[in-house]
Amino acid sequence: WTTIWSHIRSPTALIRPYAARTHSVRDTHMKQALTLTDTQYRQVINFCSTRKHTLRDQTIIHMSFLAGLRAMEIATLTVGDVYDNDNAVRSQFTITGDQTKGGYTRTVYVSSKLSRVLKEYGNTLTDRRNSDPLFMTQLRTSFSANTMCQLFLQIYKDYGLKGATSHSGRRTFITKLANAGINVRLLAALAGHRHISTTQRYIDVNDGQLANAVELV
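Owing to the predicted nature of the structure, the values given are computational and were not obtained by experimental measurement. (Residues numbered from 1 in each chain as written. Predicted model: local features only at pLDDT ≥ 70, side-chain atom pairs only at ≥ 80, totals over all residues. Heavy atoms only, no water.)

Draft legend 1. Seen up close, the overall build of the protein. Scanning the protein for helices and strands turns up 12 helices and 2 strands. For the protein, the N- to C-terminal ordering of α and β elements is α-α-α-α-α-α-β-β-α-α-α-α-α-α. The buried share of the protein, taken over its 217 residues, is 36%. In the protein, the share of contacts with a sequence separation of at least 24, taken over all contacts with a separation of at least 6, comes to 62%. Carbon together with sulfur atoms contributes 54% to the accessible area of the protein, which is approximately 13200 Å² in total. (Helix = DSSP H or I, 4+ residues; strand = E, 2+ residues; numbered from the N terminus. Buried < 20%, exposed > 50% of the residue type's maximum accessible area, 1.4 Å probe, protein only. Contact = heavy atoms within 4.5 Å. Areas by Shrake-Rupley, 256 points an atom, 1.4 Å probe, with all protein chains shown as cover.)

Draft legend 2. Focus on unusual backbone geometry. Residue N87 is not a glycine yet carries a positive backbone phi of 65 degrees. Tracing the sequence through the fold places N87 in the loop between α6 (79–82) and β1 (92–95). The exposure class assigned to N87 is partly exposed, which follows from its relative accessible area of 34%. In this structure, R140 is a non-glycine residue whose phi angle is positive, near 65 degrees. Here R140 shows up in the loop between α7 (112–122) and α8 (145–159).

Draft legend 3. A look at helix α4 (residues 54–67). The terminal C-alpha atoms of α4 lie 19 Å apart, and with 14 residues this matches the ideal 20 Å at 1.5 Å per residue to within 8%. Across the 14 residues that make up α4, a large majority, 12, are buried. All buried positions along α4 are accounted for by R56, D57, Q58, T59, I60, I61, H62, M63, S64, F65, L66 and A67. Directly after α4, the chain includes G68, whose backbone phi takes a positive value near 70 degrees. (Expected span 1.5 Å × (residues − 1).)

Draft legend 4. Structural context of the environment of T147. Topologically, T147 is positioned in helix α8. The spacing of T147 and M72 is 75 residues in sequence and 9.2 Å in space, taken between C-alpha atoms. Of the polar contacts made by the side chain of T147, one reaches the backbone nitrogen of S144; its length is 2.7 Å. (Polar contact = N/O pair within 3.5 Å; in protein donor to acceptor, adjacent residues only side chain to side chain.)

Draft legend 5. Quick peek at the side chain of T172. Mapping T172 onto the fold places it in helix α9 (residues 168–179). Filtering out sequence-adjacent residues up to four positions away, T172 remains in contact with L34, T35, L36 and F65.

Draft legend 6. Seen up close, the packing of helix α3 (residues 38–48) against α4. Look at α3 against α4: their axes get within 8 Å of each other, and the N-to-C directions meet at 160 degrees. By the angle class used here, α3 and α4 are roughly antiparallel. As α3 runs across α4, the sense of the crossing is right-handed. Taken together, the residues of α4 that come into contact with α3 (itself represented by Y41, V44, I45 and C48) are T54, D57, Q58, I61, H62, F65 and L66. Class assignment of the residues belonging to the contact of α3 with α4 gives a composition of 7 nonpolar, 3 polar and 1 charged. (Axes fitted to C-alpha atoms, helices over the stretch in contact; angles between N-to-C directions. Parallel < 35°, antiparallel > 145°, perpendicular 65-115°, else oblique. Left-handed = near helix turned anticlockwise from the far one by under 90°. Nonpolar A, V, L, I, M, F, W, Y, C, P; charged D, E, K, R; others polar.)

Draft legend 7. Looking closely at the pairing of strand β2 (residues 106–109). Going residue by residue along β2, you find R106 and V108 tucked away on one face and T107 and Y109 left uncovered on the opposite face. Note: β1 against β2, 4 bridges, orientation antiparallel. Looking at β2, one finds that Q92 is bridged to Y109. (Pairing = 2+ DSSP bridges.)

Draft legend 8. Highlighting the pattern of salt bridges. Tallying each qualifying case throughout the model produces 8 salt bridges. Taking the shortest distance from any N to any O, the salt bridge between D158 and R51 comes out at 3.6 Å. Placement of the pair is D158 in helix α8 and R51 in the loop between α3 and α4, with a sequence separation of 107 residues. Under the relative-accessibility criterion, D158 is labelled partly exposed at 40%. (Salt bridge = Lys/Arg side-chain N within 4 Å of Asp/Glu carboxyl O.)

Draft legend 9. Quick peek at the confidence of the model for the protein. In the predicted model, the protein carries a mean pLDDT of 82, and the fraction of residues at 70 or more is 82%. In the predicted structure, residues 1–30 sits below a pLDDT of 50 and forms 3 contacts with residues beyond four places in sequence or in another chain. (pLDDT = per-residue confidence, 0-100.)

Draft legend 10. Spatial organisation of the nonpolar core. With 40 residues, the main nonpolar core has I61, M63, Y83, F93, L134, M148 and Y156 as its most contacted residues. The set of elements that each furnish at least two residues to this core consists of α3, α4, α5 (71–76), α6, β1, α7 and α8. Of all the elements, α4 adds the most residues to this core, at 6 residues. The contacts of F93, once residues within four sequence positions are left out, are M63, L69, L77, D81, V82, R106, T107, V108 and V110. (Core = buried A, V, L, I, M, F, W, Y, C linked by side-chain atoms within 4.5 Å.)

Set out below in structure tokens:
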């Protein structure tokens, strides 16, 4: 009875264990994917040359890092989304609500670097129709959001990069643009975020960036 009475007098004692568990789950859920350096990015691309589907895997990684696409968006892309009827790379293409998280349509802008990557990859797609998946598994089927995430994880794991996930490229994309001084509202539009607070959580900050920032004063 003494123990029970002490809990009644101090109700937070009953709450603390639950709060601790909730905090732990939240921390795990909010843990962010690793942001890659330029060197790590190049090394991952080079590592893909040791894999069976070299060009496919390299292009998928580039789509993540150079366009900031989610795994589910990459998985649902069709040939016609990215290439016109002459097999030329589009300068921009549309991600529909059915292809993305949140159900909001957005425009993806293709940089000159990504365009060169897609042009090379397009040479391997001569037997595909516009409605066919842009990326296929080794069984010649389309990727699901889950299997695309697993592909990213497998590549990073085999390379030996801890903490990297299918979101690493997207987070690196946003962080690099932020470090280059791009306005957060533009970043949100490129990322397909409805709120800039969501975009801000993607931006990685390290000691080197902080040290460089104060030198601008």
